[in-house]
Amino acid sequence: MIVNIELSGGLEILFSNKKNHQFELSGDSIPLKQLVYWMRDNHVKERPELFVENGTVRPGILVLINDTDWELEGGIDAIIEDGDTVSFISTLHGG
Amino acid sequence: MIVNIELSGGLEILFSNKKNHQFELSGDSIPLKQLVYWMRDNHVKERPELFVENGTVRPGILVLINDTDWELEGGIDAIIEDGDTVSFISTLHGG
Amino acid sequence: MSDLYKLHGLNNSQVGRYGRQLITPGVGVAGQEALLAAKVLVVGAGGLGCPIAMYLAGAGVGTIGIVDYDTVEVGNLHRQIGHNELKEGHAKAVSLATACQQLNSSISVIPHTVTFTSDTALDLIARYDIVVDASDNVATRYLINDASVLANKILVSGSALKWDGQVTVYHYNNGPCYRCLFPVPPPAETVTRCSDGGVLGPIVGVIGSLQALEVIKIITNNSDGVLSGRLMLYDGLAGTFKTVKIRSRQPGCVVCGDNPTLTELIDYPQFCSSPYSDKSS
Amino acid sequence: MSDLYKLHGLNNSQVGRYGRQLITPGVGVAGQEALLAAKVLVVGAGGLGCPIAMYLAGAGVGTIGIVDYDTVEVGNLHRQIGHNELKEGHAKAVSLATACQQLNSSISVIPHTVTFTSDTALDLIARYDIVVDASDNVATRYLINDASVLANKILVSGSALKWDGQVTVYHYNNGPCYRCLFPVPPPAETVTRCSDGGVLGPIVGVIGSLQALEVIKIITNNSDGVLSGRLMLYDGLAGTFKTVKIRSRQPGCVVCGDNPTLTELIDYPQFCSSPYSDKSS
Ligand SMILES: [Zn+2]
Ligand SMILES: [Zn+2]
């Protein structure tokens, strides 16, 4: 399966400074929690605690599944399928 | 077949002041030219010359097929299929 | 044109000043009267606050409050176009209020040069109908949210960093508040401040202008298009926007939920482990 | 911070003024030096021209020209935040240039109070690297396009009406020009002017800020994200943006094509059947 990942609001820095990724994974679907752990273990080079904390995505990151808030899709327990796009958006505070 | 129509930049005024329309047509596809004539004849209440001129969409309107400039898709000779979105955008000149 | 509006509550000078705005569909005389009657508090007279306050002043929002305790520095001017070199060292709230009054002397613009804290926030917010978050730090953002919800005011939120910006409207028509989305503040070490990460003037220009438009849509009752329950994301470097659907009000939210446990303001610098400021310490 | 940049061509006061912009990724010292060396002509000191010129001045674009023959009226101020009541009756080009210089006295801002016509356009454009279309009528838009192509300058175009706006970049990296998209002007009776249709301040604020950012991206060589071959559409009432792919340069274009037939400027009011103005006649 192919999963599209989008990173923004500065999170891309943890992922080789690239905003868009396409990951190939085995199987037809993957629980989001497992995808997040896999991303942390295989793609975050430094300071993984800036991405994952207490078993989920750290506070201050909004997660979207196909452009919809993950809260409407089951949160960390959502199931991601082939072709889905998951976005991780760090909220901004500046002005 | 279903065709989604988007109107913007003021063109919506010709179409009951609605920006988004969904039209049901017979068949599986329709040449864009025929769709434009059908829209003019069935949905433009007043001043059809503000939409069609000399057998095509009048100058100053940009046409998109699924968010891509119609010029890249064959222009007025493009074939529109079930589920396609056609956008008619009147260019703006103000500032 | 003036004859056309004679039957309404606008005088000739108002028709002259707001004519081009009045004739915009969805505004009209009723919309202009609503703008003149509205009271909007802009929290922050920086990069976002400048275009917000100036466009609201231009539009004829009748009462505009501007809160900021900071003073103008030359290093602000690349992005804070409501100030200028002559205002170096002056209070930002006063400098921006003056710019707004020079744009439109017929409205009331009130500078508040106090620090916006748990002690001052509710008193200030109580005097206005709509709050605009143009602040630059996490602690102030949680404070503004909680105070707006406790005082039952609509909150128009914008933020920016580097080439990116975000806009949404909180606590509007059963939409979420900031805490519905972000119940817990981010770890302090994950927060990039503009003083560390930089920010470009046109980015705050875009986001601040978008915030001003949301305020106008709310006041003129063009509610369908208000960015409530939707978050607009701008990536200026890529030249792309995206508007995404976000959760509605969360029944379990500590401040706007069905059984709120947060019923008075707390110590936000402690809650967020970071100060009411974006300055490097 | 100043020590860090001592080896570069920026002095301490420049580092202080542009620090927050310098540290933005993709700008840096090289980007700031390019901005200081750049020359940009803004055609129009109205709703779009105000934020464009002010954000470019803030960013340190070294030479900014502003062309406008019109004078400031109170009815402009709801959307033209670079002017103010004290400037009523003054030349818009001078009023806006003064605002820019007060924001940044270290750059050069040149008001051109001439009418921008087939007689004056090429001489003016020749002195600048990039042209920004902040005009308000069809005839001027064709004139600016043709003059920019003939002088081989990049053109950053924005337009607005009511709640809507559009932005794109013409004649950049083999992208299209305005005539590639619109070879023939629209029938005069289909053109809605701001004087008839209205326009809101924050709409021109968003579009003008977007145009200023495109200029900065072009100068700092962040070319991947430049809106060339793409058109950005903003619907402020709905709160949505869309960026769509448009055609590339057309080999048959009369002005930028492989065998151009338009090699000098023409009579644009005649070509467009409408004057160089958006005023009601
Ligand atoms: Zn809440
Ligand atoms: Zn061309």
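Residues numbered from 1 in each chain as written. Chains lettered and ligands numbered in written order. Predicted model: local features only at pLDDT ≥ 70, side-chain atom pairs only at ≥ 80, totals over all residues. Heavy atoms only, no water.

*Asks:* Let's hear about the overall build of chain A: which residues, and what values?
*Replies:* Summing up its helical and strand segments, chain A has one helix and nine strands in all. Secondary structure elements in chain A, listed N-terminal to C-terminal, are β-β-β-α-β-β-β-β-β-β. Over its C-alpha atoms chain A spans a radius of gyration of 12 Å, differing by no more than 12% from the 12 Å that the globule rule assigns to 95 residues. Expressed along its principal axes, the backbone C-alpha trace of chain A runs to roughly 40 × 30 × 25 Å. Relative to its full complement of 95 residues, chain A shows a buried share of 51%. Partitioning the intrachain contacts of chain A with sequence separation of at least 6 by distance along the chain shows that 57% fall at a separation of at least 24. As displayed, chain A has an accessible area near 4300 Å², and 42% of this comes from carbon and sulfur atoms. Taken together, the 7 basic and 16 acidic charged side chains of chain A have centroids lying 11 Å from each other. (Helix = DSSP H or I, 4+ residues; strand = E, 2+ residues; numbered from the N terminus. Rg over C-alpha atoms; globule rule 2.2 N^0.38 Å. Buried < 20%, exposed > 50% of the residue type's maximum accessible area, 1.4 Å probe, protein only. Contact = heavy atoms within 4.5 Å. Areas by Shrake-Rupley, 256 points an atom, 1.4 Å probe, with all protein chains shown as cover. Lys, Arg positive; Asp, Glu negative; His and termini not counted. Charge placed at Lys NZ, Arg CZ, Asp CG, Glu CD.)

*Asks:* So what about the coordination of the zinc ion (ligand 1)? Which residues, and what values?
*Replies:* Ideal geometry at a metal centre gives angles of 109.5 degrees when four donors are arranged tetrahedrally and 90 or 180 degrees when six donors are arranged octahedrally. All names here are of chain C. Distances from the zinc ion (ligand 1) to its protein donors, Cys177 (SG), Cys180 (SG), Cys253 (SG) and Cys256 (SG), fall at 2.2 to 2.3 Å. Each of the four donor atoms around the zinc ion (ligand 1) contributes to a set of angles spanning 90 to 120°, which defines the coordination as tetrahedral. When the donor residues of the zinc ion (ligand 1) are listed from N- to C-terminus, their spacing reads C-x2-C-x72-C-x2-C. Across the pair, Cys256 and Cys253 agree in class, each one buried. (Donors = N, O, S within 2.8 Å, 3.2 Å for Na, K, Ca; no water. Tetrahedral: all angles 85-135°; square planar, octahedral: opposite > 155°, others 65-115°.)

*Asks:* Please give an account of the relation of the copies chain C and chain D that cites residues and values.
*Replies:* When chain C is brought onto chain D, the operation consists of a screw motion whose angular component is 180° and whose axial shift is 0.0 Å, with 0.0 Å RMSD remaining. Both chain copies can therefore be described as sitting about a two-fold axis. Nearest to the rotation axis, the C-alpha of Val206 of chain C is located 2.3 Å from it, this being the minimum over chain C. Counting the interface residues of chain C, we find that 99% of their copies in chain D are interface residues as well, pointing to one common contact surface. (Least-squares fit on C-alpha atoms with pLDDT ≥ 70 in both.)

*Asks:* Residues and numbers for the interface of chain C and chain D, please.
*Replies:* At the junction of the two partners, chain C supplies 67 residues and chain D supplies 66 residues. Taken together, the two surfaces of chain C and chain D that pack against each other cover about 5300 Å², and 62% of this comes from carbon and sulfur. Contact with chain D buries surface across chain C, with Arg20, Tyr55 and Ile81 of chain C losing the most and accounting together for 16% of the total. On the surface where chain C and chain D come into contact, there are four salt bridges. Between Arg17 of chain C and Glu85 of chain D there is a salt bridge; the shortest N-O distance is 2.4 Å. Scanning the region where chain C abuts chain D turns up 16 residue pairs in polar contact (both at pLDDT 80 or more). It is helix 10 (residues 201-219) of chain C that contributes the most residues to the side of chain C that touches chain D, 12 residues altogether. Its residues placed into classes, the side of chain C that touches chain D shows 30 nonpolar, 28 polar and nine charged. (Buried area = accessible area lost by both parts, 1.4 Å probe. Salt bridge = Lys/Arg side-chain N within 4 Å of Asp/Glu carboxyl O. Polar contact = N/O pair within 3.5 Å; in protein donor to acceptor, adjacent residues only side chain to side chain. Nonpolar A, V, L, I, M, F, W, Y, C, P; charged D, E, K, R; others polar.)

*Asks:* If you had to explain the coordination of the zinc ion (ligand 2) to someone new, which residues and values would you point to?
*Replies:* Residues and elements named next belong to chain D. Protein ligation of the zinc ion (ligand 2) involves Cys177 (SG), Cys180 (SG), Cys253 (SG) and Cys256 (SG), the donor distances falling in the range 2.3 Å. Relative to the metal, the four donor atoms surrounding the zinc ion (ligand 2) lie at angles of 91 to 121°, and the coordination shape comes out tetrahedral. In primary-sequence terms, the residues that donate to the zinc ion (ligand 2) follow C-x2-C-x72-C-x2-C. With Cys180 in helix 8 (residues 178-181) and Cys253 in the loop between strand 8 (240-245) and helix 11 (268-272), this pair connects stretches of sequence that are 73 residues apart.

*Asks:* Tell me about the pairing of strand 1 (residues 2-8) of chain B, and name the residues and values.
*Replies:* All names here are of chain B. For strand 1 and strand 2 (residues 20-24), the ladder comprises five bridges, and the chain directions are antiparallel. Bridge pairing in strand 2 places Ile2 opposite Glu24. Where strand 1 lies against strand 9 (residues 85-90), five bridges are found, and the strand directions are parallel. The partner of Leu7 across the bridge, within strand 9, is Phe88. (Pairing = 2+ DSSP bridges.)

*Asks:* Explain the environment of His83 of chain C residue by residue, including any values.
*Replies:* Mapped onto the fold, His83 of chain C is located in the loop between strand 2 (63-67) and helix 5 (92-103). His83 of chain C has contacts with Ala45, Cys50, Val72, Leu77, Lys92, Ser95 and Leu96 of chain C together with Leu103 of chain D, leaving out every residue within four places of it along the chain. A polar atom in the side chain of His83 of chain C sits 2.8 Å from the backbone oxygen of Ala45 of chain C.

*Asks:* Describe the UniProt feature "modified residue: 1-thioglycine" (unreviewed entry) in chain A, with residues and values.
*Replies:* Under the local residue numbering, the UniProt record ascribes the feature "modified residue: 1-thioglycine" (unreviewed entry) to Gly95 of chain A. Among the secondary structure elements, Gly95 of chain A is positioned in the segment after strand 9 (85-90). Gly95 of chain A sits in the buried class, given a relative accessible area of 8%. Other than its neighbours up to four places away in sequence, Gly95 of chain A contacts Gly46, Gly47, Leu48, Ser135, Asp136, Ala160, Cys194 and Val204 of chain C. (UniProt positions renumbered as here; feature names shortened; annotations may be inferred.)

*Asks:* For the confidence of the model for chain C, give the residues involved together with the corresponding values.
*Replies:* In the predicted model, chain C carries a mean pLDDT of 94, and the fraction of residues at 70 or more is 97%. The ipTM value of the predicted complex is 0.96, and its pTM value is 0.96. (pLDDT = per-residue confidence, 0-100.)

*Asks:* If you had to explain the packing of aromatic side chains to someone new, which residues and values would you point to?
*Replies:* All names here are of chain B. As enumerated under the stated definition, the model contains 17 aromatic pairs over all chains in all. Relative to Trp38, the ring of Phe23 has its centre 5.1 Å away and its plane inclined at 75°; by these criteria the two rings are edge-to-face. In this pair, Phe23 is assigned in strand 2 and Trp38 in helix 1 (residues 32-43), connecting sequence segments 15 residues apart. A relative accessible area of 6% places Phe23 in the buried class. Of the residues examined, Trp38 reaches a relative accessible area of 26% and is grouped as partly exposed. (Phe/Tyr/Trp six-rings, centres within 6.5 Å; stacked < 30°, edge-to-face > 60°.)

*Asks:* Explain the packing of helix 10 of chain C against helix 10 (residues 201-219) of chain D to me, using residue names and the numbers behind them.
*Replies:* As a packed pair, helix 10 of chain C and helix 10 of chain D sit with axes 8 Å apart at the nearest point and diverge in direction by 165°. Relative to helix 10 of chain D, helix 10 of chain C is oriented roughly antiparallel. In this structure, the crossing between helix 10 of chain C and helix 10 of chain D has a hand that is left-handed. Together, Pro202, Ile203, Gly205, Val206, Ser209, Leu210, Ala212, Leu213 and Ile216 of chain C of helix 10 of chain C and Pro202, Ile203, Gly205, Val206, Ser209, Leu210, Ala212, Leu213 and Ile216 of chain D of helix 10 of chain D make up the contact between the two elements. Each residue belonging to the contact of helix 10 of chain C with helix 10 of chain D can be placed in one class, and the counts come to 14 nonpolar, four polar and no charged. (Axes fitted to C-alpha atoms, helices over the stretch in contact; angles between N-to-C directions. Parallel < 35°, antiparallel > 145°, perpendicular 65-115°, else oblique. Left-handed = near helix turned anticlockwise from the far one by under 90°.)

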